[in-house]
Amino acid sequence: MTDEIPPGLSGLPAPPPLGSAALPAGAYAGRVVLVTGGGTGLGKAIAAEFARLGADLVIAGRRAERLEAAREELAAVPGAGRVTAAVCDIRDPERISEVFDAAQAALGLPDVLVNNAAANFPSPAEDLSPNAWRAVVDITLTGTWFTTREFGRRHLGAGTPGSIVNIGASYAWTGGPGFAHSAAAKAGVKNLVETLAVEWGPYGIQVNGLVPGLFPHADMTEDIRDGLERAAPDARDCRQPALRVGAPRELGWAATFLASPYARFITGHTLVVDGANWQRRSLVNPEVVPVRTQLGRGPYSP
């Protein structure tokens, strides 16, 4: 199999170039956006699109050096407002509160929260240790909840509207063989979207989810990258119904729309941005290959 598109097929068109904006210039001027996991990868790409629309940004993450590099990069985005960075482990609710205090003092109470921070790695379910399970669930689900709760409490107390975007995963619906820990956590994140949209809607707080498909980027972990190469070393585009992968800016455009004034009546919804890949089915099911085999693991041994 090669990465050449079969004759007669074109796939979905390429997106507009980097630097284009999906909303009017200045749509987020004077608004504060907090992005967890905003120092790398898709979190940084999402933050860049808010910056392009004039937002004041707070990016949070666990690695100070990466955050500072991202802060400088985002501050240089044309149209960006003020950009600050905060070292934060979202498993620590006290630290989250401190980050909100600092953000509120420097920029104002965040109007938008993007819960992007997560942890993940592939593993057969039977190989997951208690610590491995907790490492993923505590960051992806519990950390998202702690950050969401802090945001919600502050807006409820102030009587102000706000918007939350939770980054999810399609295996919250389908199950995720090889990623039992992450799939369970992301299912919880999706449920928070649906639960809190109802609870907090009367107070002006909208809550939505955003699910990325395959968006290759420089910060992908080595094990995820290796998995993609094992699955389709020369043909990942042809394994997508769109016949291409996503550009990170496309996810950013979706996030800026969901949190914008133009989406005020959208809440409790999870938007999947993956070129219909998660809905793909074959007329004849492919051969079943156990997860251990896919990951190159030998037989399970207690």
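Model, not experiment: these values are computed from the prediction.

### Topic: unusual backbone geometry
Link 1 in the chain: Positive phi, close to 60 degrees, is recorded for L243, a residue that is not glycine.
Link 2 in the chain: With respect to the secondary-structure elements, L243 resides in the loop between α7 (222–231) and α8 (248–258).
Link 3 in the chain: In the Ramachandran plot, A276 falls in the positive-phi region, its phi being about 70 degrees despite a non-glycine side chain.
Link 4 in the chain: Note on placement: A276 falls in the loop between β7 (270–273) and α9 (291–294).

### Observations regarding the layout of surface pockets
Link 1 in the chain: Here the second largest pocket is characterised by a volume of approximately 370 Å³.
Link 2 in the chain: In this structure, the second largest pocket is lined by 16 residues; those nearest its centre are L18, K44, A45, A48 and E73.
Link 3 in the chain: Those elements that provide at least two residues to the lining of the second largest pocket are α1 (41–52), α2 (64–75) and α8.
Link 4 in the chain: Sorting elements by how many residues they give to the lining of the second largest pocket places α1 first, with 6 residues.
Link 5 in the chain: Residues of the lining of the second largest pocket, tallied by class, amount to 8 nonpolar, 2 polar and 6 charged.

### Thoughts on the pairing of strand β4 (residues 112–115)
Link 1 in the chain: Because side chains alternate across β4, one face comprises the buried residues V112 and V114, and the other comprises L113 and N115, equally buried.
Link 2 in the chain: Here 3 bridges tie strand β1 (residues 32–36) to β4, and the two strands are oriented parallel to one another. Its bridge partner lying in β4, V35 is registered against V114.
Link 3 in the chain: Note that β4 and strand β5 (residues 162–167) share 4 bridges and pair parallel. Paired with V112 across the strands is S163, a residue of β5.

### Some details on the sheet that holds β5
Strands belonging to one sheet form pairs held by backbone hydrogen bonds; the direction of such a pair is parallel or antiparallel.
Link 1 in the chain: As summarised here, the arrangement of the 7 strands in space is β3-β2-β1-β4-β5-β6-β7, forming an open sheet in which the pairing is parallel. What marks the edges here is a single partner per strand, and that holds for β3 (83–87) and β7. Direction aside, the axes of adjacent strands within the sheet are offset by 20 degrees on average.
Link 2 in the chain: On the sheet, α1 packs against β1, β2 (56–61), β4, β5 and β6 (205–212) and is oriented at approximately 170 degrees with respect to β2.
Link 3 in the chain: Running at roughly 165 degrees to β6, α8 makes contact with β5, β6 and β7 of the sheet.

### Some words on the packing of α1 against α8
Link 1 in the chain: Here α1 crosses α8 at 55 degrees, and the two axes come no closer than 8 Å. The orientation of α1 with respect to α8, classified from their angle, is oblique. In this structure, α1 crosses over α8, and the sense of that crossing is right-handed. Together, L42, A45, I46, E49 and F50 of α1 and P248, R249, L251, G252, W253, A255 and T256 of α8 make up the contact between the two elements.

### Examining the packing of helix α3 (residues 93–106) against helix α4 (residues 130–158)
For any two helices packed against each other, the geometry comes down to the angle between their axes and how far apart the axes lie.
Link 1 in the chain: The interhelical angle for the contact between α3 and α4, taken along N-to-C directions, is 40 degrees, at an axis separation of 10 Å. In terms of axis orientation, α3 runs oblique to α4. Pair α3 / α4 crosses with right-handed handedness. Contacts between α3 and α4 involve P93, I96, S97, F100, D101 and Q104 on the former and, on the latter, G143, F146, T147, R149, E150, F151 and R154.

How each quantity is defined
- Residues numbered from 1 in each chain as written.
- Predicted model: local features only at pLDDT ≥ 70, side-chain atom pairs only at ≥ 80, totals over all residues.
- Heavy atoms only, no water.
- Helix = DSSP H or I, 4+ residues; strand = E, 2+ residues; numbered from the N terminus.
- 1 Å grid on protein atoms, 1.4 Å probe; cavity = no way out; pocket = protein on both sides within 12 Å on 5 of 7 lines; lining within 4 Å.
- Points joined across faces, edges and corners; volume = space filled by probe spheres on them.
- Nonpolar A, V, L, I, M, F, W, Y, C, P; charged D, E, K, R; others polar.
- Buried < 20%, exposed > 50% of the residue type's maximum accessible area, 1.4 Å probe, protein only.
- Pairing = 2+ DSSP bridges.
- Axes fitted to C-alpha atoms, helices over the stretch in contact; angles between N-to-C directions.
- Contact = heavy atoms within 4.5 Å.
- Parallel < 35°, antiparallel > 145°, perpendicular 65-115°, else oblique.
- Left-handed = near helix turned anticlockwise from the far one by under 90°.

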